[in-house]
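Next come the chains, spelled out residue by residue.
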Amino acid sequence: MPPVKAAPFDPLDFAVRVEAAARATGFRVERFGEAGGCPLLALTKRTPGPRPRIYVSAGIHGDEPAPPLALLELIEAGAFDARAVWFVCPMLNPVGLARGIRENEAGIDLNRDYRSLQSPEVRAHVAWLRRQPNFDLALSVHEDWESVGFYLYEQNPDGRPSLADALVASAARFCPIDMSAVIEGREAHGGVIRVPGDPLERPLWPESIYLRANHTRLAYTVETPSSLPLAQRVATLRAVVSRAIEPTVKP
Ligand SMILES: [Zn+2]
């Protein structure tokens, strides 16, 4: 288990701010569960007419405060507008965030629990996901305590037009890119890891694998380096998420 390193994060205060900002910008707010007395929130917004369906999540690792803060800022800024149908889960591990630890109260890494479903947080999340349609795009927003720069994982099994290079370029305006040939034990090119083989065969499923198995054929997990100042990580993730949702704009 990594040492506690994250800045203090108040999940109840965050939930209040998210709910207020979401309602003010037209979201429906759903409490699909709770953890440590804090609600697990899903925000949805549907605009009539054909729209891409985009899913965005954050806060599954409690020692990664920048992703939920970036989503809150994007909600407050009105970034999730009428261009798409939105499904946003901004804080999947409130107990971990309160304690600054990666796992939940029971020591379970929620982002390895989407096959075995041992944690109440992931069971509640999956129960909510099962009520949702397929997504045209899924984004899982993270940060990494060991990386030297921004990088991302792409799951694009059908070879759809890739957003990977555009996302790296948007991140590069705010932070260094991890240009290592191997990141997290996987082959990487220019900050991009294309998940090889059939990840569904893995014994432990992160959220992104569950999404690929059940909801989407285009998924990105984006990671900023935790060694940078928090404001810089938040700015990087805001830019990356903004860029990810940009090409799906339809008139
Ligand atoms: Zn993470």
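For the structure, see preceding data.
Residues numbered from 1 in each chain as written. Predicted model: local features only at pLDDT ≥ 70, side-chain atom pairs only at ≥ 80, totals over all residues. Heavy atoms only, no water.

Draft legend 1. Looking closely at the packing of helix α5 (residues 164-172) against helix α7 (residues 230-245). At a closest axis distance of 8 Å, the pairing of α5 and α7 adopts a crossing angle of 150 degrees. Considered as vectors, α5 and α7 are oriented roughly antiparallel to each other. Like other packed secondary-structure pairs, α5 and α7 cross with a definite hand, here right-handed. Note on element contacts: α7 touches α5 through Thr-236, Ala-239, Val-240, Arg-243 and Ala-244, opposite Ala-166, Leu-167, Ser-170 and Ala-171. Grouping the amino acids of the contact of α5 with α7 by side-chain chemistry returns 6 nonpolar, 2 polar and 1 charged. (Axes fitted to C-alpha atoms, helices over the stretch in contact; angles between N-to-C directions. Helix = DSSP H or I, 4+ residues; strand = E, 2+ residues; numbered from the N terminus. Parallel < 35°, antiparallel > 145°, perpendicular 65-115°, else oblique. Left-handed = near helix turned anticlockwise from the far one by under 90°. Contact = heavy atoms within 4.5 Å. Nonpolar A, V, L, I, M, F, W, Y, C, P; charged D, E, K, R; others polar.)

Draft legend 2. Region of interest: the coordination of the zinc ion. Coordination of the zinc ion by the protein comes from His-61 (ND1), Glu-64 (OE), Glu-64 (OE) and His-142 (ND1), over a distance range of 2.1 to 2.4 Å. Seen from the zinc ion, its 4 donor atoms lie at angles of 57 to 149 degrees, and the figure they make is irregular. Donor residues for the zinc ion, ordered by position in the chain, follow H-x2-E-x77-H. Placement of the pair is His-61 in the loop between β3 (53-58) and α2 (66-76) and His-142 in strand β5 (residues 137-144), with a sequence separation of 81 residues. Residue classification places His-142 among the buried positions, given a relative accessible area of 2%. (Donors = N, O, S within 2.8 Å, 3.2 Å for Na, K, Ca; no water. Tetrahedral: all angles 85-135°; square planar, octahedral: opposite > 155°, others 65-115°. Buried < 20%, exposed > 50% of the residue type's maximum accessible area, 1.4 Å probe, protein only.)

Draft legend 3. Quick peek at the packing of aromatic side chains. One pass over the full model with this rule turns up 8 aromatic pairs. Considering the side-chain rings of Phe-9 and Phe-14, the 5.2 Å spacing of their centres and the 45 degrees angle between planes classify their relative orientation as tilted. We classify Phe-9 as buried; its relative accessible area is 9%. Judged by centre distance (5.0 Å) and plane angle (50 degrees), the ring pair of Phe-87 and Phe-135 falls under tilted. Of this pair, Phe-87 sits in strand β4 (residues 85-89) while Phe-135 sits in the loop between α4 (120-129) and β5, placing them 48 residues apart in sequence. Within the aromatic cluster, the residues linked to one another by ring pairs are Phe-27, Phe-80 and Trp-86. (Phe/Tyr/Trp six-rings, centres within 6.5 Å; stacked < 30°, edge-to-face > 60°.)

Draft legend 4. Summary view of the pairing of β4. Burial analysis of β4 places 5 of its 5 residues in the buried class, the great majority of the element. Residues Val-85, Phe-87 and Cys-89 line one face of β4 and the alternating positions Trp-86 and Val-88 line the opposite face, and both faces are buried. One ladder, built from 3 bridges, connects strand β2 (residues 38-45) with β4; its direction is antiparallel. Directly across from Leu-43, in β4, lies its bridge partner Val-88. The pairing of β3 with β4 spans 5 bridges and is parallel. From the neighbouring strand, Arg-53 faces β4, where its bridge partner is Val-85. (Pairing = 2+ DSSP bridges.)

Draft legend 5. Here's a closer look at helix α6 (residues 207-214). Burial analysis of α6 places 6 of its 8 residues in the buried class, which makes it a mostly covered element. Residues of α6 that are buried include every one of Glu-207, Ser-208, Ile-209, Tyr-210, Leu-211 and Arg-212, and no others. Turning to α6, the residues buried within the fold contact β3, α4, β5, β6 (151-155) and β10 (219-225).

Draft legend 6. Unusual backbone geometry, seen in detail. One non-glycine residue, Leu-117, lies in positive phi territory at about 55 degrees. Note that Leu-117 resides in the loop between α3 (94-99) and α4. One non-glycine residue, Glu-184, lies in the positive phi region at around 50 degrees. Inspection of the secondary structure puts Glu-184 in the loop between β7 (182-183) and β8 (186-187). The exposure class assigned to Glu-184 is partly exposed, which follows from its relative accessible area of 45%.

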